Amino acid sequence: MTPTPLLDKIEFPQDIRRLQKSQLPQLADELRSYLLDSVSKTGGHFASNLGAVELTIALHYVYQTPQDHLVWDVGHQSYPHKILTGRKERMHTMRQYGGLSGFPKLSESEYDAFGVGHSSTSIGAALGMAIADKLQFKPNRSVAIIGDGAMTGGQAFEALNNAGDMDVDILVILNDNEMSISPNVGALPKYLARNPLHEVKDLVKSFKHKSERVLGLVPGALDVAQKVENKIKGLIEESSDSDTLSLFDNFGFVYTGPVDGHDVIQLVEILEEIRNRKGPQLLHVMTKKGQGYQLAENDPVAFHAVSAFDPAHGLSKSSSVMPLTYTQIFGRWILDQAAVDERLLAITPAMREGSGLVEFAQCYPQRYFDVGIAEQHAVTFAAGLACGQMKPVVAIYSTFLQRAYDQLIHDVALQNLPVLFAIDRGGIVGADGPTHAGIYDLSYLRCVPNLVIAVPSDEHECRLLLSSCYQLDQPTAVRYPRGVGTGIDAGTDLETVAIGKGIIHRQGSKIALIAFGSMVQPALVTAEVIDATVADMRFVKPLDKDLLLQLAQEHDYLVTLEENSVMGGAGSAVLESLARSGLSRPVLVLGIPDKVTEHGDTNLLHDQMGLSAAKIQQQIEEWILTQNHSELK
Ligand SMILES: Cc1ncc(C[n+]2csc(CCOP(=O)(O)OP(=O)(O)O)c2C)c(N)n1
């Protein structure tokens, strides 16, 4: 790694504040190289962090953190902040079990003002902090740092609307790199890009660039060029209150910008001035995603989040043939289904790559809708499309569907509209941690009327259940896990199965394992050791009551298995059904315990939560012992 003499002296922000302003560009270079070195070893979010280096330094230089609150939106760009706030030496533990979280976390550091992972919360949280400080006569400042992608989330505008009408000192920094994970979409980014200052700035840049090359040879000519540049800059400042800048002004914020987010000295000077201003302020900062690492600048989408890589060569393409991920299975299915039904439309709230829709977007641009980071809108929009006789498929991560719960109930389910929710990342997600864990969906979906919920246990099942649910004239959800499955062939046809019917995979003797989705595979492993029956229930709703009854009649012990919270999930559905049938059997409900999960390796987390084959076996054996014991009494 290149030497980092300045950064070596920095442990906490007060160390930065001891530096001369003129030293900050060097600190930015060193921080960037440290970031490259550490993320290339651990993996994690990358391009957004490179873009936020100067902004982070400037903020900690000017604001008195941790008393002043820096609220990062999404938080995936907070690695430079972590390095500068006492966590440099722990960067090698990033996203590993027991190590640093990939997002700001209240319990990790007093410098992390707010826990985050989902987008568009920063303005609301910073506003809450500003009002709390005001009510307690504390002089602290609150700053929300939000990307142009996160700004497409309605919640950000709810907070702007609220803050802009309050007598409160708050700063919102709009970190505009014109990218979400993929290129940002919608009218807002167009509005920001239409801003004439962009064009003038580009003109300034190109003029300066050309003049340096051409006029550099002519004595005195560069001075003239500098004067012209200053004149244009003056025009930029004068035009600051033109109509095109009125969006944020009209929300009651004083708009400043756009400014170069990679000129750390200028950023410091602007922030020093803004820090003392009264009332809501918005600073528009232009940055480049991937700044300073050419490969990431060239391909910010690929470098948004990375596995470990060699900095000299960039991301490696795996040479070994990997099984398809569930996301890829979905991506192939939707292409095939779209080919035979032109009413199929695909909707993603800003997750084209993550949800497997890249190819669909290319093949069917008219039938593909990236609605921005706007899960609520994605679902209501789908409901509207369904009212218009279309067949919308909402491709959404389990954790992000939480955002659109009312829309799911109010707009889709109550009206019994045929919207298919392709729910990715159901269950434990690993390194992204608790904010991204998809472990509540079976509980929150079960009580929604009209909704069919399917949980595939392998790739072939995934395709089968997607096709089966798609055919229905009502709301449906197919929920599948992150990553690869068993490696079996998913097939290519659009075959369907009976709704609400499960299947028995293995016949055992006394114990029946009633497994849902991803838990069927570990259940099969356990069953070999304890000679249990394994049922793949396929559907959480409608539940296969006949199969349940049969299992209860033929076995002494029932164990339910799901990669979902034990509270109110599939196991609870089994208990309710059995209670209603009047058939009493001891039932052990296994799933995610009722506590906040950790981040780290998925297999390790499964084991910790008692959902590995070995832990399932152990828990069943211990439970049966207690059952026998109580029977003896
Ligand atoms: C509610 C929600 N939906 C989706 C995501 C997934 N996500 C993480 S970062 C990101 C893009 C954010 O773009 P922007 O705010 O512009 O930040 P940048 O990465 O460009 O710096 C998305 C869609 C999320 N974190 N939260």
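Residues numbered from 1 in each chain as written. Predicted model: local features only at pLDDT ≥ 70, side-chain atom pairs only at ≥ 80, totals over all residues. Heavy atoms only, no water.

Of regular secondary structure, the protein possesses 26 helices and 19 strands. Out of the 633 residues belonging to the protein, those deemed buried represent 57%. Long-range contacts, defined as pairs at least 24 residues apart, comprise 76% of the intrachain contacts of the protein with a sequence gap of at least 6. Accessible surface computed for the protein: about 26400 Å², of which carbon and sulfur atoms make up 54%. If you average the places of the 53 positive and of the 75 negative side-chain charges in the protein, the two averages end up 2 Å apart. (Helix = DSSP H or I, 4+ residues; strand = E, 2+ residues; numbered from the N terminus. Buried < 20%, exposed > 50% of the residue type's maximum accessible area, 1.4 Å probe, protein only. Contact = heavy atoms within 4.5 Å. Areas by Shrake-Rupley, 256 points an atom, 1.4 Å probe, with all protein chains shown as cover. Lys, Arg positive; Asp, Glu negative; His and termini not counted. Charge placed at Lys NZ, Arg CZ, Asp CG, Glu CD.)

Moving on: the sheet that holds strand 15 (residues 511-515). With mixed pairing, the five strands of this open sheet are ordered in space as 14-16-15-18-19. Each of the sheet's edge strands pairs with one partner strand only, and the pair in question is strand 14 (503-506) and strand 19 (587-592). Within this sheet the neighbouring strands show an average axis-to-axis angle of 25 degrees, counted without direction. By the bridge criterion, five bridges tie strand 15 to strand 18 (residues 557-565) in an arrangement that is parallel. Looking across to strand 18, one finds that alanine 515 is bridged to leucine 561. Contacts from helix 23 (residues 545-554) reach strand 14, strand 15, strand 16 (533-536) and strand 18, with the element oriented near 40 degrees to strand 14. Its contacts with the sheet put helix 24 (residues 570-581) on strand 15, strand 18 and strand 19, and the angle it makes with strand 18 is roughly 145 degrees. (Pairing = 2+ DSSP bridges. Axes fitted to C-alpha atoms, helices over the stretch in contact; angles between N-to-C directions.)

The next subject is the domain arrangement of the protein. By a frequent convention, interface size equals the accessible area lost on bringing the separate parts together. One can read the domain layout of the protein as domain 1 (11-195 + 241-306), domain 2 (326-479) and domain 3 (503-632). Computed over C-alpha atoms only, the centres of domain 2 and domain 3 are separated by 27 Å. Across the boundary between the two partners, domain 2 contributes 32 residues, which contact 33 residues of domain 3. Taking both partners together, domain 2 and domain 3 bury about 2300 Å²; carbon and sulfur atoms supply 54% of that area. Area buried by domain 2 at its contact with domain 3 is led by Ile428, Arg446 and Ser457, which between them contribute 32% of it. Remark: the boundary between domain 2 and domain 3 carries two salt bridges. Between arginine 446 and glutamate 576 there is a salt bridge, with the nearest N and O atoms lying 2.6 Å from each other. On the surface where domain 2 and domain 3 come into contact, there are 22 residue pairs in polar contact (both at pLDDT 80 or more). If you list the elements that add at least two residues to the side of domain 2 that touches domain 3, you get helix 20 (441-446), strand 12 (452-454) and helix 21 (459-470). Taken together, the residues that form the side of domain 2 that touches domain 3 break down as 20 nonpolar, six polar and six charged. (Domains from an automatic or database assignment. Buried area = accessible area lost by both parts, 1.4 Å probe. Salt bridge = Lys/Arg side-chain N within 4 Å of Asp/Glu carboxyl O. Polar contact = N/O pair within 3.5 Å; in protein donor to acceptor, adjacent residues only side chain to side chain. Nonpolar A, V, L, I, M, F, W, Y, C, P; charged D, E, K, R; others polar.)

Within this structure, the stated rule accounts for 18 aromatic pairs. With 6.2 Å between their ring centres and 10 degrees between their planes, phenylalanine 248 and tyrosine 255 make a pair best called stacked. Note on phenylalanine 248: relative accessible area 0%, which makes it buried. Considering the side-chain rings of tryptophan 333 and tyrosine 470, the 5.8 Å spacing of their centres and the 75 degrees angle between planes classify their relative orientation as edge-to-face. Linking tryptophan 333 in helix 15 (residues 326-340) with tyrosine 470 in helix 21, this pair joins segments that are 137 residues apart in sequence. (Phe/Tyr/Trp six-rings, centres within 6.5 Å; stacked < 30°, edge-to-face > 60°.)

Around the ligand sit 22 residues in total, of which Ser48, His76, Gly149, Met179 and Glu375 are the nearest. In the model, an oxygen atom of the ligand is placed 2.9 Å from a nitrogen or oxygen of the alanine 150 main chain. A distance of 2.8 Å separates an oxygen atom of the ligand from a polar atom in the backbone of methionine 179. Alone, the ligand offers 590 Å² of accessible surface; in the complex the protein occludes 97% of this. Across the shell around the ligand, the residue classes tally to eight nonpolar, 10 polar and four charged. A domain-level breakdown of the shell around the ligand finds at least three residues from each of domain 1 (11-195 + 241-306) and domain 2 (326-479). (Near = heavy atom within 4 Å.)

This next bit is on the pattern of salt bridges. This model, assessed by the stated rule, comprises 24 salt bridges. Glutamate 54 is the salt-bridge partner of arginine 32, the closest N and O atoms lying 2.8 Å from each other. In this pair, arginine 32 is assigned in helix 3 (residues 24-42) and glutamate 54 in helix 5 (residues 53-62), connecting sequence segments 22 residues apart. Residue arginine 32 is classed as buried on the basis of its relative accessible area of 9%. In this structure, arginine 352 engages glutamate 353 in a salt bridge whose closest nitrogen and oxygen atoms are separated by 2.8 Å. Through salt bridges with shared partners, a single ionic network connects Lys82, Arg87, Glu108 and Asp112.

When two helices pack together, you describe them by how their axes are tilted relative to each other and by the distance separating the axes. Closest axis-to-axis distance for the helix 23/helix 24 pair is 10 Å, and the angle between their directions is 75 degrees. Classified by the angle their axes make, helix 23 and helix 24 are roughly perpendicular. Contact residues: helix 23 offers Lys545, Leu548, Leu549 and Ala552, while helix 24 offers Val574, Ser577, Leu578, Arg580 and Ser581. Considering only residue class, the contact of helix 23 with helix 24 consists of five nonpolar, two polar and two charged. (Parallel < 35°, antiparallel > 145°, perpendicular 65-115°, else oblique.)

On to the pairing of strand 8 (residues 344-348). Taking burial as the measure, the five residues of strand 8 include five buried ones, the bulk of the element. Alignment of strand 8 against strand 10 (residues 391-397), held across four bridges, turns out to be parallel. Among the inter-strand pairings, leucine 345 is bridged to a residue of strand 10, identified as proline 392. When strand 8 meets strand 9 (residues 368-370), the two strands line up parallel, connected through three bridges. Bridge pairing in strand 9 links isoleucine 347 to phenylalanine 369. Remark: the strand 8/helix 16 (residues 358-363)/strand 9 crossover connection has right-handed handedness. (Right-handed = clockwise from strand over helix to strand, strands pointing away.)

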